[in-house]
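In case you want the letters, here they are:
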Amino acid sequence: MKRVLIGCVLLLAVYQCFGQSPDKNGIDKKTMQKIFDEIKTPFKYGIVIPQPDSGRMVDSPTVFRKDNQWFMTYIVFDGKGYETWLAKSDNLLQWTKLGKIMSFTENTWDATQKAAYVALIDTDWGGSYKPEQFNNKYWLSYLGGGEKGYEAGRLGIGMATSDDLTQPKEVNRLVKPVLSAIDKDARWYDNRTIYKSLIIRDKNKNTGYPFVMYYNAKGEKTDAKGNGFESIAMAVSNDMTHWKRHGQKPLITRNTGICGDAQIARIGNLYVMFYFGAFWKTGAFERFACSYDLVNWTDWDGEDLISSSEPYDKTYAHKPWVVKWNGVVYHFYNAVGSRGRVIALATSKDLGSSPSGNQNPK
């Protein structure tokens, strides 16, 4: 009870600090700096999910809490495509693999690509981080496709449901994708392929809809060098199965490289979008933007939240999932470097270093 009361006091302080009135012209630099100071994680703990072996890589953490335990979905690439796995933890530092929840299939639109992300997780900063049910089901969105290789072919977004997200059992998938690059209403920024997605519940219905999806996609437009680029865009739904695009332009883009893998947290009346950038400057790195309405975003123009600095993340440090628990911020990310492609952790307080992170490559 004492911990709950302390947590409430801390959360109230955060709300008071960041509960300023909306500015139609964007969010001022002072507020953005306060957010950066609140969410930054300068201490790199190390690797928390290593590669299972040299032939398989791990990617894209999604962390949630249920039944007084932490769970993480993550994806494994084995050269053929993506499958989705589940792990659990008592303390956010040590993780135990439980098994698969999405596997390869035959003769389906998503046969070789099933990278899933748990939907409707509590977005309150320092909140419960519990996934919410809708129609008595837990929901996941996933990157799906039928070609072999790393994010090969034209990908789309599928939907799946589960009656228990804490057990390693196959989820139930809808037969067809809910968002595709060949949809009639596809936009110039998503009419080539669509990648990762995140779905939240918007109780305020800022867009007029209760369910909001953020996704990154690549369209027909190219940058000055003739390369395609990824942007973060938005779709909305009333029922989690029928989705329509919102707006005529992406929410976050650099018109080159990648902006992707959004996660949303709510601090007071301010929404924070964690995302990663890549190739519009060297490497891949973690960024954030802020909004009062989930639609209009002010991009942070300061230093990266996380960038390459260690042997295990010397190539890329990207793809965020961030939680605050008991006064500590935990920033999970995909690290690429001396240990292959792994999931690593940075924190706001020095918690030591991961035993896995100190091992030499096998």
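Sequence positions are assigned chain by chain, starting from 1 and proceeding in written order. The predicted nature of this model means local features are confined to residues of pLDDT at least 70 and side-chain atom pairs, given and counted, to a pLDDT of 80 or more, with totals for whole chains, interfaces and linings taken over all residues. Processing note: side-chain calculations cover all non-hydrogen atoms of the structure and skip hydrogens and water entirely.

A.B. asks: So what about the sheet that holds strand β1 (residues 43–49)? Which residues, and what values?
C.D. replies: Only when DSSP finds a minimum of two bridges between them are two strands counted as paired. Helix numbers and strand numbers start at the N terminus; a helix is a DSSP run of H or I with at least 4 residues, a strand a run of E with at least 2. Strand order in the open sheet formed by four strands is β1-β20-β19-β18, with antiparallel pairing between adjacent strands. Both outer strands of the open sheet, β1 and β18 (316–325), are each paired with one neighbouring strand and no more. Taken pair by pair, the neighbouring strands of this sheet meet at an average axis angle of 25 degrees, ignoring direction. In this structure, β1 lies alongside strand β20 (residues 340–347), joined through five bridges in antiparallel fashion. Note on β20: the bridge partner recorded for Ile 47 is Ala 344. The axes used here are C-alpha line fits, helices contributing only the stretch in contact, and every angle between their N-to-C directions lies in the interval 0 to 180 degrees.

A.B. asks: Quick one: what's the story with the pairing of strand β5 (residues 96–102), residue by residue and with numbers?
C.D. replies: Note: strand β4 (residues 82–89) against β5, five bridges, orientation antiparallel. In the sheet register, Trp 85 faces β5, and the bridge partner there is Lys 100. Here β4 folds back onto β5, and the loop between the two strands holds six residues, one of which, Leu 92, carries a positive phi near 75 degrees.

A.B. asks: Which residues make up the nonpolar core, and what values go with them?
C.D. replies: Counting residues in hydrophobic clusters, the biggest one holds 85 residues, and the most contacted among them are Trp 95, Tyr 214, Phe 288, Trp 297 and Phe 332. Apart from residues lying up to four places away in sequence, Phe 332 is in contact with Val 48, Pro 61, Val 63, Met 72, Leu 92, Trp 95, Glu 286, Lys 319, Pro 320, Trp 321, Ala 344 and Leu 345. Core analysis: the next-biggest nonpolar cluster, separate from the first, contains 19 residues, Trp 139, Leu 179, Met 213 and Ala 233 among them. The definition of a nonpolar core used throughout is a set of buried Ala, Val, Leu, Ile, Met, Phe, Trp, Tyr and Cys residues joined through side-chain atoms within 4.5 Å. Buried residues are those whose accessible area, probed at 1.4 Å on protein chains only, stays under 20% of the maximum for their type, while exposed residues exceed 50% and partly exposed ones sit between those limits. The contact definition used throughout considers only heavy atoms, calling two residues in contact when any of these lie within 4.5 Å.

A.B. asks: A description of the confidence of the model for the protein should follow, citing residues and the corresponding values.
C.D. replies: pLDDT expresses how confident the predictor is about each individual residue, on a scale running from 0 to 100. Mean pLDDT over the protein: 92, with 91% of residues reaching 70 or higher. Segment residues 1–24: pLDDT under 50, and 25 contacts once partners within four positions in sequence are set aside and those in other chains are kept.

A.B. asks: Before we move on, could you go through the environment of Asn 296 and cite the residues and values that matter?
C.D. replies: Looking at the element boundaries, Asn 296 is found in the loop between β16 (284–291) and β17 (298–299). Considering only alpha carbons, one finds Asn 296 and Tyr 209, 87 residues apart in sequence, at a separation of 16 Å. Beyond its immediate sequence surroundings of up to four residues, Asn 296 is in contact with Cys 290 and Ser 291. Contacts described as polar in this section are N or O atom pairs within 3.5 Å, which, within protein, must combine one atom able to donate a hydrogen with one able to accept it, while residues neighboring in sequence count only if both atoms come from side chains. Of the polar contacts made by the side chain of Asn 296, one reaches the side chain of Asp 293; its length is 2.7 Å.

A.B. asks: Go over unusual backbone geometry with me, naming the residues and quoting the values.
C.D. replies: Phi at Asp 67 is positive, roughly 55 degrees, even though this residue is not glycine. Phi is positive for Asp 261, close to 60 degrees, though the residue is something other than glycine. Residue placement: Asp 261 occurs in strand β14 (residues 258–267). Of the residues examined, Asp 261 reaches a relative accessible area of 5% and is grouped as buried.

A.B. asks: Tell me what's going on with the pairing of β20, and back it up with residues and numbers.
C.D. replies: The side chains of a regular strand alternate between both faces of the sheet. Most of β20 sits out of view: seven of its eight residues are buried. Pairing between strand β19 (residues 328–337) and β20: eight bridges, direction antiparallel. Bridge assignment links Ala 335 to a residue of β20, and that residue is Val 342. What sits between β19 and β20 in their antiparallel hairpin is a turn of two residues.

A.B. asks: I'd like a description of the packing of aromatic side chains, backed by residues and values.
C.D. replies: To describe a pair of aromatic rings, you give the distance between the ring centres and the angle between the ring planes. Here a Phe, Tyr or Trp ring, Trp counted by its six-membered ring, pairs with any other such ring whose centre lies within 6.5 Å, and the pair is stacked when the planes are under 30 degrees apart, edge-to-face when over 60, and tilted otherwise. Under the definition given, this model contains 17 aromatic pairs. Consider the rings of Trp 280 and Phe 285, whose centres lie 5.0 Å apart with planes at 90 degrees: the pair is edge-to-face. For the pair shown, Trp 280 and Phe 285 are each scored as buried. Ring-pair connections join several aromatic residues into one group, and the members of that group are Phe 36, Phe 288 and Trp 300. A cation over a ring is seen here: Lys 221 above Trp 188, with NZ or CZ 5.3 Å from the ring centre. We count a charge as sitting over a ring when the NZ of a lysine or the CZ of an arginine lies within 6 Å of the ring centre and within 35 degrees of the ring normal. A cation over an aromatic ring shows up here: Arg 254 above the ring of Trp 280, its NZ or CZ 3.8 Å from the ring centre.

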